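Understanding the architecture of this molecule
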Amino acid sequence: MKLNRTFLFLLFVAGACTSYPHPDKASTQIEFGTYVAKKGLWREAAFRYEQAAQRSPNDARAHNNFAVALEASGDFARALDEYKKALEIEPNNNYIRRNYARFAEFYTAYTKTTGKPSGAP
Amino acid sequence: MHPNALRRAGAAVLTLALGAAAGCSSVDQVKLHLPLRPKLPLRGNERIALAPFILVKQADEVKDKRLANIDVQAEFHRFLKKQLEKKTKFDVIETPPDVKLPTQNLGDLARAQEFWAAVGTQTSAELIVSGSLEFRVEDRSGYKTEEYQSPIDGRTYYRQVYVEQTGYVFDIVFLVLDGRTGEKLLQDEFKDFRQTGSKQRDELSGLFENLFSLENQILNTFVPREREAERYIFTD
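The shown structure was predicted, so the numbers you read here are calculated from the model rather than taken from an experiment.

Moving on, we come to the overall build of chain A. The number of helices and strands found in chain A is six helices and zero strands. Reading the helices (α) and strands (β) of chain A from amino to carboxyl end gives α-α-α-α-α-α. Across the 121 residues that make up chain A, the buried fraction comes to 36%. Within chain A, counting contacts between residues at least 6 apart in sequence, those at least 24 apart form 37% of the total.

Here it is as structure tokens:
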């Protein structure tokens, strides 16, 4: 059963790759990353966006998307770094600013635990 | 227009405005499921005693006949017990009926360490939950300034319109106390306003609408929860 699922996934990735003919381009990686992200495959999307950010380190969009994918995968500390990089490159991009503001709100609440631990053993 | 439709239209306008601002980028909105850590660091299988809550009532609410038939204390206890039993692994118990709160002042109640330690001993509970509850009908109707474009000269004018907005407010202050020492571990407030629809709603369903919208926040005091969040991703 598990093997079947893996096979289907590989088939799906292989099939999808045929419609993305220039994998060396950052834009291709972003496009494919977005395709898989919309299917909820956030780890694969994170990999693709990371590739895009490595190929084009000054592309704020790649860093923004990578941050979103990291956030969706639960890697919040790295997501924070990527949002910051995206904002450094394009400080006036409203989408990135909104994403960062929403992430900051979530991350602040997530990292603090308000109550004291109980004295019970 | 329906409030949801209005919200969707607003979101669409906002997306378009942001698109224009960012040089017409191709952008999509995606939904993420983000974890919420519990506010209290617990093992997850503690014995929890539900103690009575202080019922807060303003002078005009005492006379409000609409609330006369609702036992807010009993309804809230029932709701909380059911949710905790269903969605956590705690051993949930109610304090015996002879346990009466030593004060009706929330600050003093939080500081009544000896009282809570005694309740803890009596019930063998590691945690005790108490606090205050306020449920009221709130009328927020009034005149609001609205922008409108004249069909005659096309200019924008401002006019005063009467907006009817009545709803139910549930304000809960949660106190979580250590059953062994009586010390306050956490104090948190949850508040919700639900507008009544066009048709007449009864107060009890208003109360439960409030409670269901606060359910996630209340449970997040004790156990991890999830929340949905929206983010923008660039598509090219």
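Read on, since the account is not over.
Further remarks concern helix α6 (residues 203-219) of chain B. Residue and element names in this part refer to chain B. The terminal C-alpha atoms of α6 lie 24 Å apart, and with 17 residues this matches the ideal 24 Å at 1.5 Å per residue to within 8%. Of all the residues in α6, the buried ones are G206, L207, N210 and L211. Summarising the contacts, the buried residues of α6 are in contact with α3 (72-87), β4 (127-139), β7 (166-178) and β8 (184-195).

Right, let's get into the sheet that holds β8(B). All names here are of chain B. An order of β3-β2-β4-β7-β8 is seen for the five strands of this open sheet, with the pairing classed as mixed. With one partner strand each, in any of the chains shown, β3 (91-94) and β8 form the two edges of the open sheet. Strand-to-strand twist across the sheet, computed as the mean angle between neighbouring axes with direction ignored, equals 25 degrees. Pairing between β4 and β7: 13 bridges, direction antiparallel. Bridging from a neighbouring strand, V137 pairs with Y168 of β7.

Located in the positive-phi region is S124(B), a residue other than glycine, with phi close to 55 degrees. Among the secondary structure elements, S124(B) is positioned in the loop between α5 (113-123) and β4.

Moving on: the packing of helix α4 (residues 60-72) of chain A against helix α6 (residues 94-111) of chain A. All names here are of chain A. Put simply, α4 and α6 touch, their axes get as near as 11 Å, and they point 25 degrees apart. The pairing of α4 with α6 is recorded here as roughly parallel in orientation. Helix-helix and strand crossings are classified by hand; for α4 and α6 the assignment is left-handed. On α6, the residues that touch A60, N64, V68 and E71 of α4 are I96, N99 and F103. In terms of residue class, the contact of α4 with α6 is made up of four nonpolar, two polar and one charged.

Here we come to the packing of helix α2 (residues 26-37) of chain A against α4(A). Residue and element names in this part refer to chain A. Direction vectors running N to C along α2 and α4 enclose 25 degrees, while the axes themselves pass 11 Å from each other. It follows that α2 is roughly parallel to α4 by the angle criterion. You can see that α2 and α4 cross each other, and the crossing is left-handed. Of the residues in α4, those touching α2 at A26, I30, G33 and A37 are R61, A62, N65 and A69. Within the contact of α2 with α4, the residues separate by chemical class into five nonpolar, two polar and one charged.

Residues and elements named next belong to chain B. Formed by 35 residues in total, the largest nonpolar core has its most connected members in I48, A49, I128, V129, F174 and V176. Contributing elements (two or more residues each) for this core: β2 (47-55), α3, α5, β4, β7, β8 and α6. When residues in this core are grouped by element, the largest group, eight residues, is from β7. The residues touching I48, leaving out its near neighbours within four places in the chain, are L84, F90, D91, V92, A125, L127 and V129.

For α4(A), spanning 13 residues, the distance from its first C-alpha to its last is 18 Å, which sits close to the expected 18 Å at 1.5 Å a residue. G74(A) sits one or two positions beyond α4(A) and adopts a positive phi of about 90 degrees.

Now for the environment of Y232(B). Structurally, Y232(B) can be placed in strand β9 (residues 225-234). Sequence spacing of Y232(B) and V27(B) is 205 residues, and the spatial spacing of their C-alpha atoms is 6.4 Å. In contact with Y232(B), other than residues within four places in its own chain, are Y95(A), R98(A), N99(A), V27(B) and Q29(B).

A regular strand places its side chains on the two faces of the sheet in alternate fashion. All names here are of chain B. Across the eight residues that make up strand β6 (residues 156-163), only a small minority, zero, are buried. Here strand β5 (residues 142-149) runs beside β6; their pairing, made up of eight bridges, is antiparallel. The residue bridging Y148 from the neighbouring strand is Y157, located in β6.

Moving on: the environment of T166(B). Residue and element names in this part refer to chain B. You can see T166 is positioned in strand β7. With 13 C-beta atoms counted inside 10 Å, the residue T166 sits in the partly exposed group. A C-alpha to C-alpha distance of 7.3 Å links T166 and V137, two positions 29 residues apart in sequence. Once you skip the residues sitting within four places of it in the chain, T166 turns out to touch V137, D139, S141 and T196.

Reading the values: the criteria
Residues numbered from 1 in each chain as written. Chains lettered and ligands numbered in written order. Predicted model: local features only at pLDDT ≥ 70, side-chain atom pairs only at ≥ 80, totals over all residues. Helix = DSSP H or I, 4+ residues; strand = E, 2+ residues; numbered from the N terminus. Buried ≥ 20, exposed ≤ 12 C-beta atoms within 10 Å, placed from the backbone. Contact = placed C-beta atoms within 7 Å. Expected span 1.5 Å × (residues − 1). Pairing = 2+ DSSP bridges. Axes fitted to C-alpha atoms, helices over the stretch in contact; angles between N-to-C directions. Parallel < 35°, antiparallel > 145°, perpendicular 65-115°, else oblique. Left-handed = near helix turned anticlockwise from the far one by under 90°. Nonpolar A, V, L, I, M, F, W, Y, C, P; charged D, E, K, R; others polar. Core = buried A, V, L, I, M, F, W, Y, C linked by C-beta atoms within 7 Å.

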